[in-house]
Amino acid sequence: MARAIAIIVARIIFSFVFFMAAGFKFADIAATAGYITAAGFPMATFLAWVAAFFEIALALALISGAFFTEASLLAGIYVIFLAFAFHGPSHWQQNQAEFGFFIDHFTFLAGLLFAAVHGPEKWALNHSLLR
């Protein structure tokens, strides 16, 4: 029972992080687009919207348990992309805190990989019902 509780708490935390990230994007999509532009990406507003909806999809998959392994792996790829794109080595000399932000993404990746391997445990939607 303790294992199942720990996994559901982890799912809630993962989901909360992605729901919050999407919420910040929806609250000020222009600021998110500005951040994306500053990182050198084209079509920043479009990418901001894509990121916000992608984060909602990840949050829903992680909290529901549907497509959990796939969502965990995609989320892991996403957070490592974010680490390099927005907090990578080119940012460290301007602000050493960026190195900490960069490293934090890898600890998040570790949790997501652990989740992908161990699955959603109990209280998960069976994705075969969704097809």
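Rules used in this analysis
- Residues numbered from 1 in each chain as written.
- Predicted model: local features only at pLDDT ≥ 70, side-chain atom pairs only at ≥ 80, totals over all residues.
- Heavy atoms only, no water.
- Phe/Tyr/Trp six-rings, centres within 6.5 Å; stacked < 30°, edge-to-face > 60°.
- Helix = DSSP H or I, 4+ residues; strand = E, 2+ residues; numbered from the N terminus.
- Buried < 20%, exposed > 50% of the residue type's maximum accessible area, 1.4 Å probe, protein only.
- Axes fitted to C-alpha atoms, helices over the stretch in contact; angles between N-to-C directions.
- Parallel < 35°, antiparallel > 145°, perpendicular 65-115°, else oblique.
- Nonpolar A, V, L, I, M, F, W, Y, C, P; charged D, E, K, R; others polar.
- Left-handed = near helix turned anticlockwise from the far one by under 90°.
- Core = buried A, V, L, I, M, F, W, Y, C linked by side-chain atoms within 4.5 Å.
- Contact = heavy atoms within 4.5 Å.
- UniProt positions renumbered as here; feature names shortened; annotations may be inferred.
- Lys, Arg positive; Asp, Glu negative; His and termini not counted.
- Salt bridge = Lys/Arg side-chain N within 4 Å of Asp/Glu carboxyl O.

On to the packing of aromatic side chains. One pass over the structure, following the stated rule, counts 14 aromatic pairs. Aromatic pair Tyr35 and Phe86: ring centres 5.2 Å apart, planes at 10 degrees, arrangement stacked. Here the residue Tyr35 occupies a position in helix α2 (residues 29–38), and Phe86 occupies one in helix α4 (residues 68–87), the gap between them amounting to 51 residues. On the basis of relative accessible area, Phe86 is assigned to the buried category, the value being 9%. Geometrically, the ring pair formed by Phe41 and Phe86 is tilted, given 6.0 Å between the ring centres and 40 degrees between the ring planes. Remark: Phe86 occurs in helix α4 and Phe41 occurs in the loop between α2 and α3 (44–64); sequence separation between them is 45 residues. Following the ring pairs from residue to residue traces out a cluster consisting of Phe84, Trp92, Phe99, Phe102 and Phe106.

Moving on to the packing of α4 against helix α5 (residues 97–118). Between α4 and α5, whose axes approach to 9 Å, the crossing angle comes to 170 degrees. Relative to α5, the element α4 is oriented roughly antiparallel. Within the contact of α4 with α5, the residues separate by chemical class into 18 nonpolar, five polar and one charged.

The subject of this paragraph is the packing of helix α1 (residues 2–27) against α3. Two elements in contact, α1 and α3, have axes whose closest approach is 8 Å; the angle formed by their N-to-C orientations is 160 degrees. Taken together, the axes of α1 and α3 lie roughly antiparallel to each other. The interaxial crossing formed by α1 with α3 has left-handed handedness. Along the lines of polarity and charge, the residues of the contact of α1 with α3 split into 18 nonpolar, two polar and three charged.

Let us now look at the nonpolar core. In a soluble, globular protein the nonpolar side chains are often hidden away together inside. The biggest cluster of nonpolar side chains holds 25 residues, and the ones touching the most others in it are Phe18 and Val79. Once residues within four sequence positions are removed from consideration, Val79 is found in contact with Phe18, His105, Phe108, Leu109 and Leu112.

With respect to the helices, strands and loops of the structure, Ile12 is situated in helix α1. Given the relative accessible area of 44%, Ile12 is considered partly exposed. A sequence separation of 47 residues divides Ile12 from Ala59, and the C-alpha atoms of the two residues are 8.8 Å apart.

Our next topic: the UniProt feature "transmembrane region" (unreviewed entry) in the chain. Summarizing the sequence annotation, UniProt attributes the feature "transmembrane region" (unreviewed entry) to residues 7–27, 33–54, 66–87 and 99–117 in the numbering used throughout. Regarding residues 66–87, the helix share stands at 91% and the strand share at 0%, and the terminal C-alpha atoms are separated by 30 Å. Here residues 99–117 runs as 100% helix and 0% strand, with 28 Å between its end C-alpha atoms.

The subject of this paragraph is the side chain of Lys25. You can see Lys25 is positioned in helix α1. Dropping the residues within four chain positions of it, Lys25 is found in contact with Thr32, Ala48, Ala51, Ala52, Glu55 and Tyr78.

Relative to the elements of secondary structure, Glu98 occurs in helix α5. Despite its burial, Glu98 remains without a salt bridge, the nearest opposite charge being carried by Lys25 at 14 Å. If we skip the residues at most four places from it in the chain, Glu98 touches Phe86, His87, His91 and Trp92.

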